[in-house]
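# Examination of the molecular architecture
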Amino acid sequence: MEIGDILKDLERNVNDGRSSRFNLLEQKQQDFAKLNQTWISERTAPELLPYQKELVDSTLVRLRDQVEIIEINSIELETTDADIKLKLLIIENEIERINFIIRSYLRCRLAKIDKFAAYISYNSQTMIDRLSDGEIDYMTQHMKLLQELYSKCFLQDLPDHLQLLDDTSGGISMITEPNFDKFVFIKVVTGDAKPVRFNDHEIVLEKDDIHTIQYKYIMKQLQQGDVVLI
Amino acid sequence: MTFPKELQETFTSAEIVYLAENELIEVISNVSMNDKLSLISTELPKFRVMSTYKIPIWLAIILRKQNKITVPPPEWLNENYLANKYQEEVTNQTAFTQLPNNWLEVSKIFLKHFVQDLIDNEDVLLKLIQDLKEIRLVKLRKGLNNLNEINLGFNDLSLMEINEFRPFISRVMGNLAKFQKSLENEEGVENYDDAEDPGDDNAYDDDDDDDDLDNRNTSTGGRKDSTMAEANDDIDDEDMEMEDIVNEFEL
């Protein structure tokens, strides 16, 4: 564990101690709901969304704590009563559920990184900022390996001007870009979402409405949290 | 592959059920448990015999298996309510009746894990749910005539129902948008040649006798107009092409 992590841990413990139990419970439920929503958004959005570092990190810390509880208790499992066994079963079940969602979230991101690697790295710093440190490493290494492979296999035998992997001239770009025109399903979650206006159309967003709409038109409302992807 | 292609388009029904399992549900404890259990997403409170608690469904499933709790069905999961809703669904051809969020998912979970706690006969309930689901799907499929390149409302549908149609709808609407774009581009060029106002996007609408237009206009106005089932009224016989596509789309 690094110093930063230890400090965060400490901070978390202090905060946990200070706030009442009720608040802690609320916090947990909120975090979990947010994790679920993050997963859904990442799965449905056509582009790579910013990495939710804090959320994932705090969930991972909680996961580790629960694993510790299992380890401590399972040592003396034979002597303990069924009640503990049930509790361990519940804890284990929850760990599996949360592991699943985090795994699915990260894998979904990796798939997008693979797909949009060129777009992300040639674009600008804002795109790269959406990646976690690990993901940046992964992306650069993966691209390097791919380029080496391609060039050793066949690219080196081609004329120089045909060797590019990121050629944008000639009308067709070789860089895969996210499809911002993709239709996504959204749900309005607040009462004061601004209507979507484009061309001659206006779409009123009332609370709890579900719409399909092109991603590019709803990005602002998504950022403001007035609507969520479903 | 890091992530299979079928997962990139939509969710699997297991994943939708997973999401529904996170919803809270009211349970009655049969036993008392002396201390709380702190979890990652929530905590399990102290249990007193015969008290009501709200806990996530996945937790209720585990506890129900151990006979620690009873799970009374939600107030909408009974013969009377569902039969009424079915009638409503039949009489009201233009909109979906309001059902609780996730009704399909939750009732599925109930019939699988909490069957013993149901008050009504499970077979009757299963049949009603199936009927309700089917009539809503038929409506949804008819409503697909109304697909356009701008926007559609899907109010009062559960995530499970939406999810089944997600890849189809987003693909078809995406293609329609592409057509529209190229139409507009063409029109823009023509206008430019005629030295008319190139900015007028509506120019082509005047001489456009495609019956698609009516649908488009009704579905852009606002909330009410954009409801999908509305299309039932103006299903056009000429619109055979879309009908064919819809029919091909096997569920």
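Residues numbered from 1 in each chain as written. Chains lettered and ligands numbered in written order. Predicted model: local features only at pLDDT ≥ 70, side-chain atom pairs only at ≥ 80, totals over all residues. Heavy atoms only, no water.

Listed per partner, the contact involves 53 residues of chain B and 51 residues of chain A. Both faces combined, the contact of chain B with chain A buries some 4,900 Å², and carbon together with sulfur accounts for 58% of it. Here arginine 43 of chain A and glutamate 15 of chain B are joined by a salt bridge, their closest N and O atoms 3.0 Å apart. Where the side of chain B that touches chain A is concerned, the elements lending two or more residues are α1 (5-9), α2 (13-21), β2 (37-38), β3 (43-44), α3 (57-65), β6 (151-153) and α7 (159-193) of chain B. Taken together, the residues of the side of chain B that touches chain A break down into 24 nonpolar, 18 polar and eleven charged. Examined bridge by bridge, strand β4 (residues 210-214) of chain A and β6 of chain B share three bridges and lie antiparallel to one another. Counted as the bridge partner of isoleucine 213 of chain A is asparagine 151 of chain B from β6 of chain B. (Contact = heavy atoms within 4.5 Å. Buried area = accessible area lost by both parts, 1.4 Å probe. Salt bridge = Lys/Arg side-chain N within 4 Å of Asp/Glu carboxyl O. Helix = DSSP H or I, 4+ residues; strand = E, 2+ residues; numbered from the N terminus. Nonpolar A, V, L, I, M, F, W, Y, C, P; charged D, E, K, R; others polar. Pairing = 2+ DSSP bridges.)

In space, the four strands of this open sheet follow the order β5(A)-β1(A)-β4(A)-β6(B), with antiparallel pairing throughout. In the strand order of this sheet, the two ends are held by β5 (227-229) of chain A together with β6 of chain B, each with one partner. When strand polarity is set aside, the average angle formed by the axes of neighbouring strands in this sheet is 30 degrees. Lying over the sheet, helix α7 (residues 215-224) of chain A contacts β1 (183-188), β4 and β5 of chain A, oriented at roughly 120 degrees with respect to β4 of chain A. (Axes fitted to C-alpha atoms, helices over the stretch in contact; angles between N-to-C directions.)

Tracing the chain through its elements places aspartate 157 of chain A in the loop between α6 (133-153) and β1. Residue class for aspartate 157 of chain A comes out exposed when judged on its relative accessible area of 62%. (Buried < 20%, exposed > 50% of the residue type's maximum accessible area, 1.4 Å probe, protein only.)

What follows deals with the packing of aromatic side chains. Taken as a whole and judged by the stated rule, the model has ten aromatic pairs over all chains. Each ring, one from phenylalanine 100 of chain A and one from tyrosine 18 of chain B, has its centre 5.3 Å from the other, and the planes form 65 degrees; the classification is edge-to-face. Note that phenylalanine 100 of chain A is positioned in helix α4 (residues 82-123) and tyrosine 18 of chain B in helix α2, a pairing that runs across two chains. Residue phenylalanine 100 of chain A is classed as partly exposed on the basis of its relative accessible area, which comes to 29%. Among the aromatic residues, those joined into a cluster by ring pairs are Trp39 and Phe100 of chain A together with Phe11 and Tyr18 of chain B. (Phe/Tyr/Trp six-rings, centres within 6.5 Å; stacked < 30°, edge-to-face > 60°.)

Glancing now at the UniProt feature "domain: DNA replication complex GINS protein PSF2 N-terminal" (unreviewed entry) in chain B. The feature "domain: DNA replication complex GINS protein PSF2 N-terminal" (unreviewed entry), as annotated in UniProt, sits at residues 13-70 of chain B in this numbering. Secondary structure across residues 13-70 of chain B comprises 31% helix and 29% strand; the distance between its end C-alpha atoms is 26 Å. (UniProt positions renumbered as here; feature names shortened; annotations may be inferred.)

Turning our attention to empty space enclosed by the protein. One water molecule sets the probe size; rolling that probe over the atoms shows where empty space is left. Inspection of every chain in the model, using the stated rule, returns two cavities of 30 Å³ or more. Taken as a whole, the largest cavity holds about 50 Å³ of empty space. Along the walls of the largest cavity sit Thr44, Lys182, Phe183, Val184 and Phe185 of chain A together with Glu9, Arg166 and Ser170 of chain B, which together make up its complete lining. The set of elements that each furnish at least two residues to the lining of the largest cavity consists of β1 of chain A together with α7 of chain B. It is β1 of chain A that contributes the most residues to the lining of the largest cavity, three residues altogether. Grouping the amino acids of the lining of the largest cavity by side-chain chemistry returns three nonpolar, two polar and three charged. (1 Å grid on protein atoms, 1.4 Å probe; cavity = no way out; pocket = protein on both sides within 12 Å on 5 of 7 lines; lining within 4 Å. Points joined across faces, edges and corners; volume = space filled by probe spheres on them.)

Let us look at the domain arrangement of chain A. Residue and element names in this part refer to chain A. Domain boundaries assigned for chain A yield domain 1 (2-115) and domain 2 (179-230). Domain 1 puts eight residues into the contact, and the matching count from domain 2 is nine residues. Together, the buried faces of domain 1 and domain 2 total about 670 Å²; carbon and sulfur atoms form 61% of this surface. If you sort the residues of domain 1 by the area they bury against domain 2, Thr44, Pro46 and Glu47 come out on top, with a joint share of 66%. Viewed at the interface, domain 2 and domain 1 are joined by zero salt bridges. Here domain 1 is connected to domain 2 by three residue pairs in polar contact (both at pLDDT 80 or more). (Domains from an automatic or database assignment. Polar contact = N/O pair within 3.5 Å; in protein donor to acceptor, adjacent residues only side chain to side chain.)

This part covers the confidence of the model for chain B. Residues and elements named next belong to chain B. The predicted model of chain B averages 76 in pLDDT, with 74% of residues at 70 or higher. The lowest-confidence element of chain B is helix α8 (residues 212-218), averaging 39 in pLDDT; the highest-confidence one is α3, averaging 93. Taken as a whole, residues 192-251 scores under 50 in pLDDT and shows 92 contacts with residues more than four places along the chain or in a different chain. Overall fold confidence (pTM) sits at 0.78, and the ipTM for the predicted complex is 0.80. (pLDDT = per-residue confidence, 0-100.)

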